[in-house]
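What follows is the residue order along each chain.
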Amino acid sequence: MITAAASLGIIAVLVAWPVPLILAASAWPSQSPGLALVLWQAIALSGGLSMIGSLLVYGLIPFGETLVQSLSSLGANLRAGTLPPGTSFTHVLALGGAIILSTHLLLNLSSTFVRAERERRRHYTLIALLSDPLRGQPGMRVIDYPAPVAYCLPGPGRSATVLSNGLIRLLDDDQVRAVISHEQAHLTQRHHLVLLAFKSWHSALPWFPIANRAENAVALLVEMLADDHARRVVDDHTLARAIALVGYALAGVTAPRNTEADAAANAATSASAGRLPASPGRIRAEPDHPAHQILPRVSRLMNPRAPLGYPATASVLTMSTLLLAGPALILFAT
Amino acid sequence: MGSLGVLERLIMDVLWDSPTALTANELRDCLLKPPFAADKSKPLATTTVLTVLSRLEAKKFVARDRTLRPHSYSAVMSRAAHTAGLMHDVLGQVPDRQAALARFIGDVTPEEAETLRRLLGVSTTPPRSS
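What counts and what doesn't
Residues numbered from 1 in each chain as written. Chains lettered and ligands numbered in written order. Predicted model: local features only at pLDDT ≥ 70, side-chain atom pairs only at ≥ 80, totals over all residues. Heavy atoms only, no water. Helix = DSSP H or I, 4+ residues; strand = E, 2+ residues; numbered from the N terminus. Pairing = 2+ DSSP bridges. Contact = heavy atoms within 4.5 Å. Axes fitted to C-alpha atoms, helices over the stretch in contact; angles between N-to-C directions. Parallel < 35°, antiparallel > 145°, perpendicular 65-115°, else oblique. Left-handed = near helix turned anticlockwise from the far one by under 90°. Nonpolar A, V, L, I, M, F, W, Y, C, P; charged D, E, K, R; others polar. Phe/Tyr/Trp six-rings, centres within 6.5 Å; stacked < 30°, edge-to-face > 60°. Buried < 20%, exposed > 50% of the residue type's maximum accessible area, 1.4 Å probe, protein only. Lys NZ or Arg CZ within 6 Å of the ring centre and 35° of its normal.

1. Things to note about unusual backbone geometry
P70(B) follows R69(B) through a cis peptide bond whose omega is -5°. As for its placement among the helices and strands, P70(B) is situated in the loop between strand 2 (62-65) and strand 3 (72-75). Even without a glycine there, the phi angle at R190(A) is positive, about 50°. Considering the arrangement of structural elements, one finds R190(A) in the loop between helix 7 (173-188) and helix 8 (191-204).

See below:
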């Protein structure tokens, strides 16, 4: 069992540190965002499984030879209020750590989901009172607000996509169709679930730098997936222009206490007739900054690259499977 | 939206457009006249109006004046103020409020705005940066 605990510990360290760093630094996720999303989820699950598993297996060493045997022995010892001979303080500490960590992660996950659902319900009530349906399109609402805002509100049985008047004024019809398609991809692909899971991981382990990086990377991948959906409705340039126009107009709004939304929107409108230059030059962005999501999206639309080929796709999927199967097999074979 | 949601919306629209506080009976009468009597369905009972009003009061949309009988009702905030508050949640920095929804465009830094300005070929100065 000590080998199992050690191997799980090694996997936990690898998955917590070098693996996500390599993934965050690589360029291919913008070519195949869906694939990268699978890999990030495998990394997160594998990390949790191996971290908790390693603590658990180590703490159970004095209780028996195999995992099943030691768990039943642990139950008997708990009922009797005894500890088997050879139990050291570190074993007890590891067991306690495994229990606390798993409880903490699960409680955090459920409270994140409950809070988000409550907030969505509150928001939906307000939207129902404050916005109007859009030209008979089900689930689309228009709210009277000058800044160009578009977002979707997922929820069981009552999802909504909300556009502001400002957005409809700023963009032409094709660009608005792109935005709608983008938001509807979020809803149909249930992006909020994966976003909330990574958000809860980050809030459960705020001191863990990889959790922050993972949350931001996943947020960007989800936007790219939604962009890819919109690219089926409009051409890349239209979508890129919509993103740039809204982003430029919002730059003055998202700053605290700034209500120059209209001025910014007007400035952007005055440019909306032209075309984006063919080459934007080198666009740099740090992937680990939550705000730095817009330029990578524009950049991949202006210089499109083909998705990963079959061999690369297969190897990413194999790696994801191994990340999950590795810790699981070690645990079950113990 | 269920039928109660539709009624909430209608009653809020009346209250937002009304310069004074209204009683439930006055509200029902307003709902019988254009532009609110959109559909030719059965006229509302005052009890239904009162039910919807107490729901709206619980949601802090409607304030009830209990000094005189019958009680009169008014909107707590204007429609625009509610909208501004909601959009502030959407665009603002409260992480809990943002976790609930997915925005087309998230936060944009001043440096990014400058890059976008170049891409778009806007000649004016970029929106205020801070």
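2. Section: the sheet that holds strand 4 (residues 160-164) of chain A
Strand order in the open sheet made by the five strands is 1(A)-2(A)-4(A)-3(A)-4(B), with mixed pairing throughout. Each of the sheet's edge strands pairs with one partner strand only, and the pair in question is strand 1 (131-134) of chain A together with strand 4 (102-103) of chain B. Note that strand 1 of chain A and strand 2 (residues 137-143) of chain A share four bridges and pair antiparallel. Across the sheet, P133(A) pairs through a bridge with R141(A), a residue of strand 2 of chain A. The sheet strands contacting helix 5 (residues 89-130) of chain A are strand 1, strand 2, strand 3 (150-153) and strand 4 of chain A, and the helix crosses strand 3 of chain A at an angle near 120°.

3. Quick look at the sheet that holds strand 1 (residues 22-23) of chain B
All names here are of chain B. In spatial order, the strands read 1-3-2; together these three strands make up an open sheet with antiparallel pairing. Because the sheet does not close on itself, it has two edges, and the strands there are strand 1 and strand 2. Bridge analysis of strand 2 against strand 3 gives four bridges, and the strand direction is antiparallel. Counterpart to A63 in the pairing with strand 3 is S74. Relative to the sheet, helix 3 (residues 46-58) contacts strand 2 and strand 3, its axis offset from that of strand 2 by approximately 115°.

4. A short note on the packing of helix 10 (residues 236-250) of chain A against helix 6 (residues 110-120) of chain B
For the pair helix 10 of chain A and helix 6 of chain B, the least separation of the axes is 9 Å and the interaxial angle reads 130°. Classified by the angle their axes make, helix 10 of chain A and helix 6 of chain B are oblique. Remark: the crossing between helix 10 of chain A and helix 6 of chain B carries left-handed chirality. Counting all contacts with helix 10 of chain A, which are made through R241(A), A244(A), L245(A), G247(A) and Y248(A), the residues of helix 6 of chain B involved are A113(B), L116(B), R117(B) and L120(B). The residue makeup of the contact of helix 10 of chain A with helix 6 of chain B, split by class, is six nonpolar, one polar and two charged.

5. Overview of the packing of aromatic side chains
Scanning the model with the defined rule gives four aromatic pairs over all chains in all. Aromatic pair F198(A) and W201(A): ring centres 5.9 Å apart, planes at 70°, arrangement edge-to-face. Of this pair, F198(A) and W201(A) both sit in helix 8, three residues apart, roughly one helical turn. Taking the relative accessible area as the measure of exposure, F198(A) reaches 4% and is therefore buried. Consider the rings of W16(B) and F61(B), whose centres lie 6.4 Å apart with planes at 65°: the pair is edge-to-face. Of this pair, W16(B) sits in helix 1 (residues 3-17) while F61(B) sits in the loop between helix 3 and strand 2, placing them 45 residues apart in sequence. Like W16(B), the residue F61(B) is buried in the burial classification. Aromatic rings pair up to connect F198(A), W201(A), W207(A) and F208(A) into one cluster. One Lys or Arg, R158(A), reaches over the ring of Y124(A) and ends 5.6 Å from the middle of that ring. Of note, R297(A) hangs over the ring of F104(B), and the distance from its end group to the ring centre comes to 5.4 Å.

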